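Structural description and commentary
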Amino acid sequence: MHPNVVNVYDVGQDRGVYYMVMELVEGITLKEYIEKKGRLSAKETISISIQMVTGIQAAHNQHIIHRDIKPQNIIISKDGKVKVTDFGIARATTSSNTISTSVMGSVHYTSPEQARGGVVDEKSDIYSAGISMYEMVTGHVPFDGESTVTVAIKHLQEEIISPIVEVPDTPKKLEKIILKCTQKSPMYRYQNCEELLLDLKRALVDPQGGFISNGPKVNNVMRLWSWIRRRSQEFRIGIMTVRTMMIRTNPMTTRSMMMIHTIEEIVGKMAEKAKKK
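Structural notes, computed from the coordinates.

Cut-offs used in this document
- Numbering of residues begins from 1 in every chain and follows the order in which that chain's sequence is written.
- In view of the model being predicted, local features appear only for residues whose pLDDT reaches at least 70, and side-chain atom pairs are presented and counted only at 80 or more, with totals across whole chains, interfaces and linings using the full set of residues.
- For side-chain calculations, the full set of non-hydrogen atoms in the structure is used, while hydrogens and water are omitted.
- Numbering of helices and strands starts at the N terminus; helices are DSSP runs of H or I of at least 4 residues and strands are runs of E of at least 2.
- Categorising residues by exposure relies on relative accessible area from a 1.4 Å probe, with only protein chains included: less than 20% of the type maximum marks a residue as buried, more than 50% marks it as exposed, and the intermediate range marks it as partly exposed.
- In this analysis, two residues are considered to be in contact whenever any of their non-hydrogen atoms come within 4.5 Å of each other.
- Per-residue and other accessible areas follow the Shrake-Rupley method at a 1.4 Å probe size, with only the shown protein chains counted as cover for residues.
- We define a nonpolar core as any set of buried Ala, Val, Leu, Ile, Met, Phe, Trp, Tyr and Cys residues linked to one another through side-chain atoms lying within 4.5 Å.
- Grid spacing is 1 Å over the protein atoms alone, the probe is 1.4 Å, and a cavity is where that probe fits but cannot get out, while a pocket is an open set with protein on both sides within 12 Å along at least five of seven lines and lining residues have an atom within 4 Å of a point.
- Grid points are joined across faces, edges and corners, and a volume is the space filled by probe spheres set on the points.
- Throughout, the ten residues Ala, Val, Leu, Ile, Met, Phe, Trp, Tyr, Cys and Pro are labelled nonpolar, Asp, Glu, Lys and Arg are labelled charged, and all others, Gly among them, are labelled polar.
- As used in this structure description, the phrase polar contact means that two N or O atoms lie within 3.5 Å; if the pair is within protein, one of them must be able to donate a hydrogen and the other to accept it, and residues adjacent in sequence are counted only when both atoms belong to side chains.
- Here, the term disulfide refers to a pair of cysteine sulfur atoms separated by no more than 2.5 Å.
- Note on ring pairs: Phe, Tyr and Trp rings are taken, using the six-membered ring of Trp, and paired if centres are within 6.5 Å. Classes follow the plane angle, with under 30 degrees stacked, over 60 edge-to-face and the rest tilted.
- A ring has a charge above it when a Lys NZ or an Arg CZ is no more than 6 Å from the ring centre and no more than 35 degrees off the ring normal.
- In this scheme, strands are said to pair when DSSP sees at least two bridges between them.
- All axes are obtained by fitting lines to C-alpha atoms, using only the stretch in contact for helices, and the reported angles, taken between N-to-C directions, cover 0 to 180 degrees.

A few words on the overall build of the protein chain. Scanning the protein chain from N- to C-terminus turns up ten helices and nine strands. For the protein chain, buried positions account for 48% of its 277 residues. Restricting the contact set of the protein chain to residue pairs at least 6 apart, pairs at least 24 apart contribute 66%. Counting only carbon and sulfur atoms, one obtains 53% of the accessible surface of the protein chain, whose full area is about 14,500 Å².

Quick look at the structure:
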């Protein structure tokens, strides 16, 4: 029994049909709450996330990986209690604390390793929690597409754009928490819910603090590059800024140089179109 988990009282089978007897929680899902409000404030996002991650941690402490963390599976009761529910595709970990399976949760929230059918552990749930936080802050998921395959590929290949790009008043600390949760490589994410909870509680007290490390600096460049490719038609930025960011990710690789040249071409074409108008 845990206050942040919808409790299961019984499981069984009746005439070939499996069933679960679960706690009745009166309230709405986090997804419905986000749709109702458009997007949540930073303080509310952090407060909800603390309870959500506490519930996830309770499952992890029992060696259970949820594998389908998303706002639709988070219930907010009438008294404000946040509960994690729907452990329908959850699996118990092995002695090595990992599972390998081809079953994946909702594609908009699935981790890269889960999308490719690889080894899944606690850090996969942390990635999904990070995507859920992103949606709370911005009002939408970071990756979308015409098919589930398209979205899965974006989780594998494209870097998440900082929520500050769309919501400039997002606290720096919350931004860093979200970006750390959603690193492509599990080794650069929070290693467990305890670490994530510590930073979330710190962020609630000091939203603008800067003690959180997000892994390799190159990821910031790749996020900018991904944003440029997707939004080149509305892109307005000076080349010198991009050059400075590239130079900071030492050494200056051939790939980085190619990015700069492509950016210059994009800006050049846009300038030509502006002159014609």
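There's plenty left to go through after this.
On to helix α6 (residues 172-181). α6 sits mainly inside the fold: nine of its ten residues count as buried. Burial in α6 covers these residues: K173, L174, E175, K176, I177, I178, L179, K180 and C181.

Grouped together as the largest cluster of nonpolar side chains are 42 residues, with contacts concentrated most on L30, M52, M133 and L196. If you list the elements that add at least two residues to this core, you get α1 (30-37), α2 (42-61), β5 (74-77), β6 (82-84), α4 (122-138), α5 (148-157), α6 and α7 (193-205). When residues of this core are assigned to their parent elements, the largest contribution, eight residues, is made by α4. With sequence-adjacent residues up to four places away left out, M133 is seen in contact with T45, S49, M52, V53, I177, I178, C181, L196 and L200.

Take the layout of surface pockets next. Volume-wise, the second largest pocket comes out at about 310 Å³. As for the second largest pocket, its lining consists of 13 residues, and the residues nearest its centre are V5, V6, N7, I64 and F87. Top element by residues in the lining of the second largest pocket is α2. It accounts for three residues. When its residues are assigned to classes, the lining of the second largest pocket shows nine nonpolar, four polar and no charged.

Moving on, we come to the side chain of D121. As for its placement among the helices and strands, D121 is situated in the loop between β9 (119-120) and α4. Note on D121: relative accessible area 13%, which makes it buried. A distance of 2.9 Å separates the side chain of D121 from the side chain of K123, its partner in a polar contact.

Another point: the side chain of S49. Residue placement: S49 occurs in helix α2. Relative accessible area serves as the criterion here: at 0%, S49 is assigned to the buried category. With residues near it in sequence (within four places) discarded, S49 still touches M133, M136 and L200.

The next subject is the state of the cysteines. A full pass over the atoms with the stated rule returns zero disulfides. Not engaged in a disulfide, the cysteine C181 finds its nearest cysteine sulfur in C193; these two sulfurs lie 8.9 Å apart. Given the relative accessible area of 0%, C181 is considered buried.

Counting through the fold element by element, I161 comes out in the loop between α5 and α6. For I161, a relative accessible area of 9% corresponds to the buried category. A sequence separation of 18 residues divides I161 from L179, and the C-alpha atoms of the two residues are 8.7 Å apart.

On to the packing of aromatic side chains. Counted by the stated rule, this structure contains zero aromatic pairs. Note that K180 overlies the ring of Y190, its terminal NZ or CZ placed 4.6 Å from the centroid.

Strand order across the open sheet formed by three strands is β3-β5-β6, with antiparallel pairing between neighbours. In this open sheet, the two edge strands, each paired with only one partner strand, are β3 (27-29) and β6. Across the sheet, the axes of successive neighbouring strands diverge by a mean angle of 30°, strand direction being ignored. As defined by bridge partners, β3 adjoins β5 across three bridges and the pair is classed as antiparallel. When the bridges of β5 are listed, T29 appears paired with I75. Here α1 sits on the sheet in contact with β3 and β5, set at roughly 85° to β3. Lying over the sheet, α2 contacts β5 and β6, oriented at roughly 35° with respect to β6.

The subject of this paragraph is unusual backbone geometry. Despite not being glycine, R15 shows a phi value in the positive range, around 50°. Following the sequence through the fold, R15 ends up in the loop between β1 (8-14) and β2 (17-22). Its relative accessible area of 78% is what places R15 among the exposed residues. For H63, which is not glycine, the phi dihedral falls at a positive 65°. Counting through the fold element by element, H63 comes out in the loop between α2 and β4 (64-65). Note on H63: relative accessible area 44%, which makes it partly exposed.

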